[in-house]
Structure formats: structure tokens, C-alpha cells
2 protein chains.
Amino acid sequence: MRALVTGAAGFIGSNLTDRLLAQGWSVRGIDNFSSGRREFLANAERHASFELHEADLLTSPNLKDLFAGIDIVFHLAANADVRFGPDHPKKDLEQNTICTANVLEAMRECSVGRIVFSSTGSVYGEPGVFPTPEDAPFPVQTSLYGASKLAAEGLIAAYSESFGIQGYIFRFVSILGERYTHGHVFDFCKQLLEHPDRLRVLGDGTQRKSYLEIQDCINAILIVIEKSDEKIQIFNLGTDEYCMVNDSIGWICERLGVNPKREYTGGNRGWIGDNPFIFLDCSRVRALGWSPCLTIEQGVRKTVRYLQSNERLLRERFE
Amino acid sequence: MRALVTGAAGFIGSNLTDRLLAQGWSVRGIDNFSSGRREFLANAERHASFELHEADLLTSPNLKDLFAGIDIVFHLAANADVRFGPDHPKKDLEQNTICTANVLEAMRECSVGRIVFSSTGSVYGEPGVFPTPEDAPFPVQTSLYGASKLAAEGLIAAYSESFGIQGYIFRFVSILGERYTHGHVFDFCKQLLEHPDRLRVLGDGTQRKSYLEIQDCINAILIVIEKSDEKIQIFNLGTDEYCMVNDSIGWICERLGVNPKREYTGGNRGWIGDNPFIFLDCSRVRALGWSPCLTIEQGVRKTVRYLQSNERLLRERFE
């Protein structure tokens, strides 16, 4: 199988690339290196069946040249940060919606038949049903990030109906693990490296969130594309549990051996558009035989260990 | 009140403009005249409190200059044709999604606090619940048009959450009435003017559709913005009934005094992404005291009369 992975140098993209190569796939990676890191592809670049192209999905004039001969696109390139949407309102639209439109057009021109898309549980806004199933009541968007991903989902479904492209849409909870470079575990570890005696927490720490470890995430994607053959398919992806931000702080501090004073910014939301409760119903993907290997606690602890071993990441600024 | 109406020279925009002016509002109209018609604004242009600007929401570099001093935006400019999406896949994205993003940015820069948006029942894809309520199960998009409008809805909701803009989103069934220049009544009248003895019908004629007359549509919008004050609000807008395409053909032929041979293209969908059954639950807007004055049959007949009196419209090609 010949895969094209967008955002190949990113957290999810590079882990997926490694796995596909290990399973004997050919992988063409694309990244604009706005937040991706070449070092994450060090392993991949040792494979003869891997090629890397520096290209921008928004602006590249010859994008379709990269899609020739591809069987399936894993479209993971994105602006992945929910939090800073209001600081640059066009970024989510451009990076998540318009780039997806450009990918779909390139696929259509090159007759590429399948796309895997990394959507988000944020598309549920603030749902009224927990755990939230894929066919929950029609949501109202609360973040520019969620809105931009929902728009991309809609484009993929419409392309599927219009042009016969097969679409696999995954609504992720937050993903954790090796090469993780943004999110609350990263923020907290970074703070505690700089000042182990205090920790600033957005909101009141009672926000309930779900997390999934990257290898569990990749397992699910690979099972779905092997076993499921509908024209358009949507899967929640998470664990069957949630934790409070305060729980996660406890695990992180224990692992780091620190006991900081917690300074809460207050309120039950960490930022505008923050969803105080994320808990997805993942029975649809579980029915295909998938289940996660790690609990949330195990995922958080593993991620802290990774960041401890790669402390330089915490000293950098990621977009 | 000072309103800005985008798509002011269009079918809905020009009718709304006339109504607002009659009620004493000041109206600034914008149109790029891609499908809008100056003649539809003949009445408006007699009002001192009306001004018209030829501008393109997608490309105009100084859009925000037009938003200064506005109390509420009625964003009606759109590519309104569901049917031809696959012929030009970027058109819906550009005209419906990106233009809405540009409108929202201009509003934000000029501190305009309220937006009314013309969305569509097409965002429900092919729903499983009839009549379909606003909180129906999370739909899967089936048309580029629906996907582009859903994306715009999401942007409006996210802007509302992020920047405090108040958003009124209306999911219309097909709107009929004076100045109507596209849709099935238009197509059928145009065909029957050219060849009264035969009528080509897309699909098998059993598609069940809902329609609403333009003045009923405007009544609903004005009642909602007067009575409802939530941050973000979504309303279906239609009649509490549906008809078959074949019913509508009967009314049209009777009114025109013709008896054509009907040539069906077959299948239960007229085109890719056509929804064979549209029937919206409008109890949310009815609870505010609105109800339509005309039935679907009355709306169709009124529209045919209008087209008979304005036969020149049928001889033109609208984008």
C-alpha cells in the first residue's frame, strides 16, 4: 500500500509513518515544518520506502504532483491547538478547512480513493449526552478549532457523495504519548521545569477530560481501514473513562517528584471554547475489535516519562 | 436600526431590503452582481435611507469600511444552487464558507454585534427523523452546498462564543415568491415556455420537498430578531407540510394551462446530493408566534404567476 501522510513530521503523523513503514507500506510524507520536527522522522528516513516532501497544503501550487500513485491519504496536518483560536481567527479556517479542501481536490485530480481524517471531539461543542455518541444531537460549535474541523468533515462527506471518495473520519479526544509537543501535560511539565514550586492551572481544575495514547490511536485507525468498507464512516476515538485535570496534575507531580502550589485562574473553563467535559462513546470502534491498551493514567505517566527524557522539547516554543 | 444586507440584489436580499426600508430602517446593501439584479433594487433606490455598494465579499480588500456603524448584518450573499456543486467544487467553499468568514472578520473589526444568516435544511443531509428538528442526530453531509453552509454556521457559532457576536441562523427550506430566479418552479416554467408539450423531470418526481414563500420567510426573521435574545440561535424555517415534485408539476401546469408529456430521468434523487425528503420541524420558531400565511401550493402558484408576469427572467441564464 502506498500512503501519503500530511503533517508527517508532527506528533501523530510521525508515529503513524513509523508504524506504516514497519508494516511494509510505502509512505510519502508531506510537512511544511511549521510545527513538525525533522528529528521525529529520523527513523523513517532510514527506510527506502519513505520519501519526504516539504510542501505547504495551503499555498503549494503543484500539490497534486504529490498525490499521484497514492492509495490512501492520512490527512493529519492541522493547526492542532484549540486554545489560541481567537488570537488568529483565520488560522483554523486556513489550516484545517481550506487545506482539507485542497487535499480533496488533489485527490480528485489524481483519483486517490481513500482519506483518513483526524477530526476532534471538539466538534460536539458542549454536548448534553455523555458518553457522547457519533450521532449525538446536532451540536453548536464553541471553538474556531472545532468549527474548522467540522467544516472539513463536511467537505470530506460531500466529496464522498459527489466523487466516490471513501472517507474515514476520526473524532479524537486529546492524544498523548511519545513526540507529544502540546497540550496540558506539556504545559504543566514545562512550567514545572521552569518553577517546580508553583503551577498555574487554567480554570478550576475540575474540567473532566479524556485522553488516548498515540499507539492506541494508531491501532484503532489501522483496524478501521482494514475492517470497515462503508463510503463514509465516523468514529469517536478515546478511552471509556475520563479524568479531572486535578487528577492528571497529581500523576504528573508524582512522576516529577514535585509538590507545587497550584494557582487556579478560576471558572469551569480553561479558555474561550474550552469544553468542561469531554467523554466520548467509543462503542462503534470497539465493535470492530479495538480496545485501548493504556488507561488515561498510564498514558499521562508515559507522556511525562517521555518529556523527562526529552527535556529539550520543553525548552522550545512550538506554534 | 442600521442594517447591512449582503446579496442585497438577490431574491431574498432585495425582498428583505424592501421590507426593512418600509419599516423605517436604514439599509446598506452589498452585492457583487454575479447573480443579483439591479432591477430588484429599483424600489429600494428610491429611499434616501438606502445605499448600494458593489463589492465582492471574497476579494474586496477594504470590506470592513462597509461595516462601520452597522447594528446588524443580514448575510444573504451565497452560491444558492445545491445542484451544480460537483461541477465547481471550490465555489461553495469560497462563496458560502470563506465569504462568511470575511463577513465575521469585518464585523469583529467594526464591532458589529449581530448577524442573521441564511443557512439551509440541506445541512441535515439525509436525516432519519421527520419532521426534522434543529437538534436532530448529528448529520452526515451529502452536498458541497450543505457542507459549505454548515461550515459557515460553525464559524458564526464560534465567533459568537469567542467574540460575543450574536448569531441568528435560519435553516431554510427552498424559498419561493417574487424575484425568484432559480429552483424547480423556475426550471419547469422555463422549460414549458420553450416547449409546452414536454417536461424533463430530474429523478422520478416522488421526491418530497418543502417550500416557503418569501414574505413568510421575512416575517419569521423579523419576529426572531425582535423576540429572541440568546447568544446563538438556530431556527428551522418552513411550512408544516411537504409536497411531491409531481404535485408541484400539477399546480404549475394547471396555472400555465399546459399538459406536457413528463420525461423522468429516474431514480429517487434529482442530482448528486439531492435529498429525496425534506420536511423540517419548525415548532421552535412557531413558539415565538410566527406561522406562515401561505401553503406550499399557494406559494408555488404565486411564484408561477410572478414568472408569467416577468417572462423575460425565464429567458435569461442565471449563475
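Residues numbered from 1 in each chain as written. Chains lettered and ligands numbered in written order. Predicted model: local features only at pLDDT ≥ 70, side-chain atom pairs only at ≥ 80, totals over all residues.

Details of the relation of the copies chain A and chain B
- Mapping chain A onto chain B calls for a rotation angle of 180° and an axial translation of 0.0 Å; the resulting RMSD is 0.0 Å. This pairing of chains is accounted for by a two-fold axis.
- In this assembly, 100% of the residues forming the interface of chain A have copies in chain B that are likewise at the interface, indicating an isologous arrangement. (Least-squares fit on C-alpha atoms with pLDDT ≥ 70 in both. Contact = placed C-beta atoms within 7 Å.)

Considerations on the pairing of strand β1 (residues 2-6) of chain A
Residue and element names in this part refer to chain A.
- Summarising burial for β1: 4 of the 5 residues are buried, a large majority.
- Sheet topology note: the β1/strand β2 (residues 26-31) ladder contains 5 bridges and is parallel. The residue bridging V5 from the neighbouring strand is G29, located in β2.
- Traced from β1 through helix α1 (residues 11-22) to β2, the parallel crossover comes out right-handed.
- For β1 and strand β4 (residues 72-75), the ladder comprises 4 bridges, and the chain directions are parallel. Looking across to β4, one finds that V5 is bridged to F74. (Buried ≥ 20, exposed ≤ 12 C-beta atoms within 10 Å, placed from the backbone. Helix = DSSP H or I, 4+ residues; strand = E, 2+ residues; numbered from the N terminus. Pairing = 2+ DSSP bridges. Right-handed = clockwise from strand over helix to strand, strands pointing away.)

With respect to the domain arrangement of chain A
Residue and element names in this part refer to chain A.
- Examined at the domain level, chain A breaks down into domain 1 (2-175 + 210-237) and domain 2 (177-209 + 241-277 + 294-314).
- The centre of domain 1, based on its C-alpha atoms, is set 25 Å off from the matching centre of domain 2.
- Each partner contributes residues to the interface: domain 1 has 24 residues there, and domain 2 has 19 residues.
- Listed by contribution, the elements that provide at least two residues to the side of domain 1 that touches domain 2 are α1, β7 (174-176), β10 (211-213) and α5 (214-227).
- The residue makeup of the side of domain 1 that touches domain 2, split by class, is 10 nonpolar, 9 polar and 5 charged. (Domains from an automatic or database assignment. Nonpolar A, V, L, I, M, F, W, Y, C, P; charged D, E, K, R; others polar.)

Re the interface of chain A and chain B
- Contact residues are listed per partner, giving 32 residues for chain A and 33 residues for chain B.
- Sorting the residues of the side of chain A that touches chain B by element identifies α2 (89-109) and α3 (144-163) of chain A as the ones contributing at least two each.
- The biggest single contributor to the side of chain A that touches chain B is α3(A), with 11 residues.
- Considered class by class, the residues forming the side of chain A that touches chain B number 19 nonpolar, 8 polar and 5 charged.

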